Amino acid sequence: MNKKYYGQFGGQYVSETLMNTLDELDVEFEKAIADPEFRAEYDYYMKDYVGRETPLYLAERLTEKYGTKIYLKREDLNHTGAHKINNVIGQILLARRMGKKKVIAETGAGQHGVATATGAALFGMECTVYMGAEDIERQALNVFRMKMLGAEVVSVTSGSNTLKDATNEAIRAWAKSAEDTFYIIGSAVGPYPYPKMVKEFQRIISRETKKQFLEKEGRLPETVIACVGGGSNSIGMFAEFIDEKDVELIGVEAAGHGIETGKHASAMSLGKPGALHGMRSYLLQDSDGNVQLAHSISAGLDYPGVGPEHAFLRDSGRVEYVSITDEEAMDALMELCRMEGIIPAIESAHALAYAFKKAKTMNMNQAMVVCLSGRGDKDVHTVAEYFKNKPM
Amino acid sequence: MNRIEKKLKELEEKKQKAFITYMTAGLPSIKGTEEIIRAQAEAGTDIIELGVPFSDPVADGPVIQAASFKSIQLGTNLEKVFGIVEDVRKDCQIPIVFMMYYNTILYYGVERFVDRCIASGVDGLIIPDLPFEEQGEINGYLLKKNAPILIQLVAPVSKQRIPMLLEKARGFVYCVSTMGVTGQSTGFHKDIRKYLSEVKAASSIPVMMGFGISSAKDVEGVKDIIDGAIVGSAFINLMEKNDYNVDVIKEYCSTFKKELNA
């Protein structure tokens, strides 16, 4: 079994220029995670800088309304407002250990960009973030935050001007500068060992959740739900539950205007296996094998591929992947605001929307955990635009 | 004998260096591409890299990205590029190498792709996102009779990987002159001579250099080491600027070839 693969997915589909870099990264990463000092350092920053552990909150009014216990894993309460910082701290500590002075990153919603800019400021590194021109427009707040933190934000205007293209440009920049630059990938995608690194640094979400749930309920939850773009919060949320066969795992992709309209970002419902961004995985493609543009109201889910381990978990049947439209997500977002006083990111609202559907099939003796991957401050312009002509 | 190997053997006998160009298929049109291939064969270009356009060309700089995008907009796809080769092969035997991304092959079907290369007369493949370790799948089919040669790419940082990359390499070795993507004019890698010499010493087949070359004088400083030069972005810029005028293209190719061997 080739460790670089998850079944038929994964691998290293990159140029020869990057192969030595990936080999070195693999060796250094394995050494680091086996080193108690590195782990202690990571744990220290998670607690004292990021503010972990994050609460596992029983959403009381939602629980009452839907008739089953709905717990929220509050990743939105992390420093910088989303789960992305967990992985950034891990990778930047590794970059520092490897003697790199510069970091680059791609970003969609801007949360990973902000987290990377934050980590770079914390450790005094030079930081460049690649972001699609369309995302720069719809996530203006995060662009400004990155600049305040001292990062350079490069506007990418090719293809769809979104995360896919920002990733292409980051890969190009990385190939040029790999000798002194560390590429911090934010999602569970890319060439091996990135999908594994992202999973290991996001695993803290499910490690805490499992412990917290056991303390509260004395058992494991029936169902765990998380949204999937590239799949970083979801792989972190699933990691410790994958071997717990009685826990149902559900990943929620973005259905955009609806799968049937073709304007969606659901790589696993209609995508075919392909190769992009250094990995083999499910990929939205047109009839010539070109990558199709994804669509989602959520910049963080607007990606035509998905992490290779998710593709594997789908095919093996261990995780069920479903999709939620823009409209369903926005309704769920407002419901969480109004009923629990929490403004979630539109990404996380996709997981919530499916959780509400799922809850109707469950009862008061059962419980689910939904990963609230980020907070919604960055999305207020999108929300305002969306509700311009309809009642909020 | 494979057309690439045959051509390289001829050049070796004539003690000539190879001049290789890259062009994106489908520009200015399918017919136009066919004419330019024939014109280059007459002008003295030794091998042609034909780019199969892809939506996400991560190994390419802005010039080839823009050319790919434009060609896709014009409706170029893999099937049409095979059509170009078939048409050219009626009266022209210049070696043709497809430069393409692996997803295009995966989508088409790997075995079906190789069979179609054999049937249409494609001599070689350059797949920049298919490094040595991932070549097993396609190599299984490249054992077929008259299958194209998978050209191996070597980078300035390949170092200890070089013997592995070269062990079974056929045709020629493609040495990337710089870190990064095609079409950068930032100069070659700082250790270019040392790097090329290492590859040359380890290689039993000709060593070509590509990335960031626009004229024969760009390679003056390494001409004693390499067996040929590959021009891509600069060639596309020239064609674009001159509205794909065949006479200008012929003049550029024959001049480059002459100066390279001066």
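Residues numbered from 1 in each chain as written. Chains lettered and ligands numbered in written order. Predicted model: local features only at pLDDT ≥ 70, side-chain atom pairs only at ≥ 80, totals over all residues. Heavy atoms only, no water.

## Things to note about the interface of chain B and chain A
Alright, step 1. Listed as interface residues are 36 residues of chain B and, on the opposing side, 35 residues of chain A.
Alright, step 2. At the boundary of chain B and chain A, one finds 3 salt bridges.
Alright, step 3. For the salt bridge of B:Asp56 with A:Lys164, the shortest nitrogen-to-oxygen distance reads 2.7 Å.
Alright, step 4. Our count for the contact surface shared by chain B and chain A stands at 22 residue pairs in polar contact (both at pLDDT 80 or more).
Alright, step 5. The biggest single contributor to the side of chain B that touches chain A is helix α5 (residues 102-108) of chain B, with 4 residues.
Alright, step 6. Residue composition of the side of chain B that touches chain A, by class: 18 nonpolar, 9 polar and 9 charged. (Contact = heavy atoms within 4.5 Å. Salt bridge = Lys/Arg side-chain N within 4 Å of Asp/Glu carboxyl O. Polar contact = N/O pair within 3.5 Å; in protein donor to acceptor, adjacent residues only side chain to side chain. Helix = DSSP H or I, 4+ residues; strand = E, 2+ residues; numbered from the N terminus. Nonpolar A, V, L, I, M, F, W, Y, C, P; charged D, E, K, R; others polar.)

## Some points on the domain arrangement of chain A
All names here are of chain A.
Alright, step 1. Here chain A is partitioned into domain 1 (5-47 + 84-194) and domain 2 (51-81 + 202-387).
Alright, step 2. The C-alpha centroid of domain 2 is placed 22 Å from the C-alpha centroid of domain 1.
Alright, step 3. For the pair domain 1 and domain 2, the two sides together bury roughly 3500 Å², of which 58% comes from carbon and sulfur.
Alright, step 4. Looking only at domain 1, the three residues that lose the most surface to domain 2 are Phe-9, Arg-138 and Lys-164, adding up to 19% of its buried area.
Alright, step 5. Between domain 1 and domain 2 we count 1 salt bridge in total.
Alright, step 6. Residue Arg-138 is joined to Asp-302 by a salt bridge in which the shortest nitrogen-to-oxygen separation is 2.7 Å.
Alright, step 7. Counting only elements with at least two residues in the side of domain 1 that touches domain 2, the list comes to β1 (5-6), β2 (9-13), α2 (36-50), α4 (84-97), α5 (111-123), α6 (133-138), α7 (140-148) and α8 (163-177). (Domains from an automatic or database assignment. Buried area = accessible area lost by both parts, 1.4 Å probe.)

## Concerning empty space enclosed by the protein
All names here are of chain A.
Alright, step 1. By the definition in use, this model includes 7 cavities of 30 Å³ or more.
Alright, step 2. Its boundaries defined by the atoms lining it, the largest cavity holds a volume of some 350 Å³.
Alright, step 3. If you trace the largest cavity, you find 32 residues lining it, with His-83, Lys-84, Ser-187, Ser-232 and Gly-300 closest to the centre.
Alright, step 4. Going through the elements one at a time, β5 (102-107), α5, α8, α11 (232-238) and α15 (346-359) are the ones with two or more residues in the lining of the largest cavity. (1 Å grid on protein atoms, 1.4 Å probe; cavity = no way out; pocket = protein on both sides within 12 Å on 5 of 7 lines; lining within 4 Å. Points joined across faces, edges and corners; volume = space filled by probe spheres on them.)

## Concerning the confidence of the model for chain B
Alright, step 1. In this model, chain B carries an average pLDDT of 96, and 100% of its residues clear a pLDDT of 70 or more.
Alright, step 2. Interface confidence in the predicted complex, given as ipTM, is 0.96; pTM for the same model is 0.96. (pLDDT = per-residue confidence, 0-100.)

## Points about the packing of helix α14 (residues 326-340) of chain A against α15(A)
All names here are of chain A.
Alright, step 1. The geometry of α14 relative to α15 is characterised by a closest axis approach of 7 Å and an angle of 90° between their N-to-C directions. Judged by the inter-axis angle, α14 sits roughly perpendicular to α15. In contact with Glu-328, Ala-329, Met-330, Ala-332, Leu-333, Glu-335 and Leu-336 of α14, α15 contributes Ile-346, Ala-349, His-350, Leu-352, Ala-353, Phe-356 and Lys-357.
Alright, step 2. Counted by class, the contact of α14 with α15 contains 10 nonpolar, 1 polar and 3 charged residues. (Axes fitted to C-alpha atoms, helices over the stretch in contact; angles between N-to-C directions. Parallel < 35°, antiparallel > 145°, perpendicular 65-115°, else oblique.)

## So, the layout of surface pockets
Alright, step 1. Of the voids in this model, the largest pocket is the one considered here, and its volume is about 590 Å³.
Alright, step 2. Forming the walls of the largest pocket are 48 residues, and the residues nearest its centre are B:Ala59, B:Val181, B:Thr182, B:Gly183 and B:Phe211.
Alright, step 3. Residue assignment for the lining of the largest pocket shows that the elements contributing at least two residues are α1 (16-33), α8 and β11 (272-276) of chain A together with α3 (62-73), β6 (152-154), β7 (173-176), β9 (228-231) and α10 (233-241) of chain B.
Alright, step 4. When the residues that make up the lining of the largest pocket are grouped by side-chain class, the tally is 28 nonpolar, 14 polar and 6 charged.
Alright, step 5. When residues of the lining of the largest pocket are assigned to domains, at least three map to each of domain 1 (5-47 + 84-194) and domain 2 (51-81 + 202-387) of chain A.

## Digging into the packing of α1(A) against α8(A)
All names here are of chain A.
Alright, step 1. The N-to-C vectors of α1 and α8 enclose an angle of 80°; their axes lie 9 Å apart at closest approach. One element, α1, and the other, α8, form an angle in the roughly perpendicular class. Here Thr-17, Leu-18, Thr-21 and Leu-22 of α1 come into contact with α8, specifically with Ile-171, Trp-174 and Ala-175.
Alright, step 2. Residues belonging to the contact of α1 with α8 are distributed by class as follows: 5 nonpolar, 2 polar and no charged.

## Some points on the sheet that holds strand β2 (residues 47-51) of chain B
Residues and elements named next belong to chain B.
Alright, step 1. The strand order across the open sheet formed by 9 strands is β5-β4-β3-β2-β1-β9-β8-β7-β6, and the pairing between neighbours is parallel. Two strands close off the open sheet at either side, each with one partner strand: β5 (149-150) and β6.
Alright, step 2. As defined by bridge partners, strand β8 (residues 207-210) adjoins β9 across 2 bridges and the pair is classed as parallel. Bridge assignment links Met-209 to a residue of β9, and that residue is Ala-229.
Alright, step 3. Of the strands in this sheet, β6, β7 and β8 are in contact with helix α9 (residues 192-202), which crosses β7 at around 165°. (Pairing = 2+ DSSP bridges.)

## Details of the UniProt feature "domain: Tryptophan synthase beta chain-like PALP" (unreviewed entry) in chain A
Alright, step 1. Taking the numbering used here, the UniProt-annotated feature "domain: Tryptophan synthase beta chain-like PALP" (unreviewed entry) corresponds to residues 51-374 of chain A.
Alright, step 2. Along residues 51-374 of chain A one finds 42% helix and 21% strand; the C-alpha atoms at either end are 14 Å apart. (UniProt positions renumbered as here; feature names shortened; annotations may be inferred.)

## Considerations on the pairing of β8(B)
Residues and elements named next belong to chain B.
Alright, step 1. Taking every second residue as pointing to the same face, both faces of β8 are buried, with Val-207 and Met-209 on one and Met-208 and Gly-210 on the other.
Alright, step 2. Pairing analysis gives 4 bridges linking β7 to β8, with the strands arranged parallel. Opposite Tyr-174, over in β8, you have Met-208 as the bridge partner.
Alright, step 3. Crossover handedness for the path β7 to α9 to β8: right-handed. (Buried < 20%, exposed > 50% of the residue type's maximum accessible area, 1.4 Å probe, protein only. Right-handed = clockwise from strand over helix to strand, strands pointing away.)

## Things to note about the sheet that holds β1(A)
Residues and elements named next belong to chain A.
Alright, step 1. Ordered in space as β1-β2-β12-β11, the 4 strands form an open sheet in which the pairing is antiparallel. Since the sheet does not close on itself, it has two edges, and those belong to β1 and β11, each with one partner.
Alright, step 2. Looking at chain direction, β1 and β2 are connected through 2 bridges and run antiparallel. Paired with Tyr-6 across the strands is Phe-9, a residue of β2.
Alright, step 3. Its contacts with the sheet place helix α13 (residues 308-316) against β1, β2 and β12 (278-283), and it is angled at close to 40° to β12.

## Details of the side chain of B:Thr21
Residues and elements named next belong to chain B.
Alright, step 1. Tracing the chain through its elements places Thr-21 in strand β1 (residues 18-24).
Alright, step 2. What makes Thr-21 buried here is its relative accessible area of 0%.
Alright, step 3. Residues in contact with Thr-21, not counting those within four places in the same chain, are Gln-40, Thr-45, Ile-47, Ile-48, Glu-49, Val-231, Phe-235 and Cys-253.

## Some remarks on the UniProt feature "modified residue: N6-(pyridoxal phosphate)lysine" (unreviewed entry) in chain A
Residue and element names in this part refer to chain A.
Alright, step 1. The feature "modified residue: N6-(pyridoxal phosphate)lysine" (unreviewed entry), as annotated in UniProt, sits at Lys-84 in this numbering.
Alright, step 2. In this structure, Lys-84 sits in helix α4.
Alright, step 3. Ignoring anything within four residues of it in the chain, the contact list for Lys-84 reads Gln-111, His-112, Ala-115, Gly-186, Ser-187, Gln-202 and Ser-232.

## Concerning the nonpolar core
Generally speaking, a soluble globular protein has its nonpolar side chains buried in company with each other.
Alright, step 1. With 188 residues, the main nonpolar core has B:Leu50, B:Phe98, B:Phe113, B:Leu125, B:Ile138 and B:Phe172 as its most contacted residues.
Alright, step 2. Three or more residues apiece are contributed to this core by two domains, here domain 1 (5-47 + 84-194) and domain 2 (51-81 + 202-387) of chain A.
Alright, step 3. Leave out the neighbours within four places in its chain, and B:Ile138 touches B:Tyr102, B:Ile105, B:Val110, B:Val114, B:Leu125, B:Ile127, B:Leu130 and B:Leu150.
Alright, step 4. A:Cys227, A:Ala265, A:Ala294 and A:Leu301 belong to the second-largest nonpolar core, a separate cluster that totals 41 residues. (Core = buried A, V, L, I, M, F, W, Y, C linked by side-chain atoms within 4.5 Å.)

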